[in-house]
Amino acid sequence: MASQERLTLDEIASALMEDDDCIDGYITILPTGDLSDEDSGDEDDDNLDHLPGNILLSEAEATVKRFVDGEVVKEVITTSIENNVNDQITNINHPNSHNNDDATCSVSRKRKQRKTHEASNTQSKGTVKRKRIRDWVTKDVNLVPEREFELPEWLQNFETTDPVKYFELLYDDEVLDLICDFSNLYAFQNGEPNFKVEKNEMRVFLAILLISGYCQVPRLRMYWDERPDTNNKAIADAMSRNRFIQIMKYFHACDNNNLSKHRFAKVLPLWNKLNENWLKYFPNEVNLSIDESMIPYYGRHGGKQHMHNKPIRFGYKAWCLCTRLGYVVQSQLYQGCKTGINDINLGLGGSVVLDLIDKLPEKEGCSLYFDNFFTSITLLETLKEMGLHGTGTMRANRVEKAPLTDVKAMTKKERGTCESITDSNSGVTLKTLD
């Protein structure tokens, strides 16, 4: 092995990126005697893309972990990565395998993934994706008993059929107090100490806003016009125009002098309170759906999204956990692509799913349904470990090289053709339909 030419840092890193069996590792740069503190780069920076050329061309060796015959094996590679033979691999347990004082840098599977992960404020430095062993067998999904629906106790004792009473369960006195207190505070901060709004008046104000959502006019002032085609007697009799405009002017749900760095800090206290009430009066259904919802908005804001080919193309995006009848159980406002990834192995979609179901009172036995943005084998496996069931469409590039017929080949087969395989280790079933 001494006669063979050693690989450089760049050669080892490039080869490891294409090595599917490598699940973890680090590269040791071998000392050459011509390196100095001036050209060695930032010692705290483990990103290969930030290293100077002379470091990338230095001789190095890699310590990696591989899957071999179903077991994790540690190896030291110095001259070859593709040919895994005895004269090219030194066992990690050898006492002279590497010097602990040498400079080291972490290796990830792909540099593009490293850039994305470092941009996330939730990822710890040096974390790499987990690699799990799959044992695919031709088998359809196993039928499991579904948890029986139980009417929640609060609903058993709630006998009224008045829709206003149901609305006031969610927009209760605490929500109204929060809005009134912050609105009065904002008016005081802006030189209007005499402005006061009470809960009953705020209820009327919110009712007018709800009416304006389905009985629309070009301008809100037109509800109080004397012309019969725009005048709304119910609104005009409930509140004067000037009072409505004044409340609208000072309407607030936060303290502007104590804002967090959250992009939606202006509405976050109200949003959190509504989430508490949604969960409190959750009808305890078993089948739940997770998807995105757009809140239309055409102004300027850092959290505004553009969703092409959607019914609502511009606005705020919110992740929602809903029942089959549309009741929102939990919801999160999407702040942007650099937020929301709490687990690198699940990505954004999987992290959103786990965040939304985190506060469910009874998770075990629930069935979750989502689209291909969220679905991955790792997510389905994680949900099963938590005692939940997951069903969703999956993108072809997320099947982890499962032995499924290619999508294009399936389109040429007879209509109704299906194919099912199951991972015997995790119990995850993949199914292809024509």
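This one's a predicted model, so the numbers in the text were calculated from it and none came from an experiment.

With respect to the overall build of the protein
Okay, step 1: For the protein, the count of helices and strands is 13 helices and 14 strands.
Okay, step 2: Across the 434 residues that make up the protein, the buried fraction comes to 37%.
Okay, step 3: Residue pairs at least 24 apart in sequence account for 61% of intrachain contacts in the protein once pairs closer than 6 positions are excluded.
Okay, step 4: About 26,200 Å² of surface is accessible on the protein, with carbon and sulfur atoms providing 49% of the total.

Let's talk about the sheet that holds strand E13 (residues 418–423)
Okay, step 1: Taking strand neighbours across the sheet as the criterion, the three strands line up as E6-E13-E14 in an open arrangement whose pairing is antiparallel. Both edges of this open sheet fall to strand E6 (136–137) and strand E14 (429–433), since each of them pairs with a single strand only.

Here's the deal with the pattern of salt bridges
Okay, step 1: Summed over all chains, the structure comprises 16 salt bridges.
Okay, step 2: With a shortest N-O distance of 3.9 Å, Lys 199 and Asp 173 are connected by a salt bridge. Highlighted residues: Lys 199 in helix H7 (residues 199–214) and Asp 173 in helix H6 (residues 173–189), separated in sequence by 26 residues.
Okay, step 3: Residue classification places Lys 199 among the partly exposed positions, given a relative accessible area of 28%.

Regarding the pairing of E13
Okay, step 1: In this sheet, E13 lies alongside E6 in antiparallel orientation, the contact comprising two bridges. Directly across from Trp 136, in E13, lies its bridge partner Asp 423.
Okay, step 2: When E13 meets E14, the two strands line up antiparallel, connected through five bridges. Pairing of Ile 421 across the sheet is with Leu 430, part of E14.
Okay, step 3: The antiparallel pairing of E13 with E14 creates a hairpin that spans five residues between the two strands, and Gly 427 there sits at a positive phi of about 85 degrees.

Side note on the side chain of Asn 284
Okay, step 1: Topologically, Asn 284 is positioned in the loop between helix H10 (268–280) and strand E7 (287–296).
Okay, step 2: For Asn 284, a relative accessible area of 11% translates into the label buried.

A closer look at the packing of aromatic side chains
Okay, step 1: Across all of its chains, the model carries 18 aromatic pairs by this definition.
Okay, step 2: Centroid distance Trp 319 to Phe 373: 5.5 Å. Interplanar angle 20 degrees. Geometry classified as stacked. With a gap of 54 residues between them, Trp 319 in strand E9 (residues 314–323) and Phe 373 in the loop between strand E11 (367–370) and helix H12 (377–385) connect regions that are remote in the sequence.
Okay, step 3: Taken together, Phe 205, Tyr 223, Trp 224, Phe 244 and Phe 251 form an aromatic cluster joined through their ring pairs.
Okay, step 4: The cationic tip of Lys 317 hangs over the ring face of Tyr 334; the distance from NZ or CZ to the ring centre is 4.4 Å.

Focus on the packing of helix H11 (residues 347–357) against H12
Okay, step 1: At a minimum axis separation of 10 Å, H11 and H12 run at an interaxial angle of 25 degrees. By the criterion of interaxial angle, the relationship of H11 to H12 is roughly parallel. Two packed elements cross with a definite hand, and for H11 against H12 that hand is right-handed. Where H11 approaches H12, its residues Gly 350, Val 353, Leu 354 and Ile 357 are matched on the opposing element by Leu 379, Thr 382 and Leu 383.
Okay, step 2: By residue class, the composition of the contact of H11 with H12 is five nonpolar, two polar and no charged.

Some thoughts on the environment of Ser 289
Okay, step 1: Tracing the backbone shows Ser 289 in strand E7.
Okay, step 2: Look at Ser 289 and you get partly exposed, because its relative accessible area is 31%.
Okay, step 3: When the C-alpha atoms of Ser 289 and Tyr 369 are compared, they prove to be 4.8 Å apart, with 80 residues separating the residues in sequence.
Okay, step 4: Those residues in contact with Ser 289, other than ones at most four positions away along the chain, are Cys 320, Leu 321, Cys 322 and Tyr 369.

Some thoughts on the packing of H7 against helix H9 (residues 241–250)
Okay, step 1: Between H7 and H9, whose axes approach to 11 Å, the crossing angle comes to 95 degrees. For the element pair H7 / H9, the angle class is roughly perpendicular. Residues Glu 201, Met 202, Phe 205, Ile 208 and Leu 209 of H7 lie in contact with H9, whose contacting residues are Arg 243, Phe 244, Ile 247 and Met 248.
Okay, step 2: The residue inventory of the contact of H7 with H9, partitioned by class, reads seven nonpolar, no polar and two charged.

Things to note about the environment of Ala 187
Okay, step 1: Mapped onto the elements, Ala 187 comes out in helix H6.
Okay, step 2: As for Ala 187 and Phe 251, which are separated by 64 residues in sequence, their C-alpha atoms are 8.6 Å apart.
Okay, step 3: Setting aside its immediate chain neighbours within four residues, Ala 187 contacts Glu 192, Phe 195 and Tyr 250.

What to know about H10
Okay, step 1: Spanning 13 residues, H10 covers 18 Å between terminal C-alpha atoms, matching the ideal 18 Å at 1.5 Å per step.
Okay, step 2: Residues of H10 that are buried: Leu 268, Leu 270, Trp 271, Lys 273, Leu 274, Asn 275, Asn 277, Trp 278 and Leu 279.
Okay, step 3: On its buried face, H10 is in contact with helix H5 (163–170), H6, E7, E9 and strand E10 (328–333).

Quick notes on the pairing of E9
Okay, step 1: Most of E9 is tucked away: nine of the ten residues are buried.
Okay, step 2: Bridge analysis of E7 against E9 gives nine bridges, and the strand direction is antiparallel. Considered in E9, the bridge of Ser 293 is made with Ala 318.
Okay, step 3: Relative to E10, E9 runs antiparallel, the two sharing five bridges. Paired with Cys 320 across the bridge in E10 is Ser 331.
Okay, step 4: The turn linking E9 back onto E10 is made up of four residues, and Gly 326 within it adopts a positive phi angle of 100 degrees.

Rules and cut-offs
Residues numbered from 1 in each chain as written. Predicted model: local features only at pLDDT ≥ 70, side-chain atom pairs only at ≥ 80, totals over all residues. Heavy atoms only, no water. Helix = DSSP H or I, 4+ residues; strand = E, 2+ residues; numbered from the N terminus. Buried < 20%, exposed > 50% of the residue type's maximum accessible area, 1.4 Å probe, protein only. Contact = heavy atoms within 4.5 Å. Areas by Shrake-Rupley, 256 points an atom, 1.4 Å probe, with all protein chains shown as cover. Pairing = 2+ DSSP bridges. Salt bridge = Lys/Arg side-chain N within 4 Å of Asp/Glu carboxyl O. Phe/Tyr/Trp six-rings, centres within 6.5 Å; stacked < 30°, edge-to-face > 60°. Lys NZ or Arg CZ within 6 Å of the ring centre and 35° of its normal. Axes fitted to C-alpha atoms, helices over the stretch in contact; angles between N-to-C directions. Parallel < 35°, antiparallel > 145°, perpendicular 65-115°, else oblique. Left-handed = near helix turned anticlockwise from the far one by under 90°. Nonpolar A, V, L, I, M, F, W, Y, C, P; charged D, E, K, R; others polar. Expected span 1.5 Å × (residues − 1).

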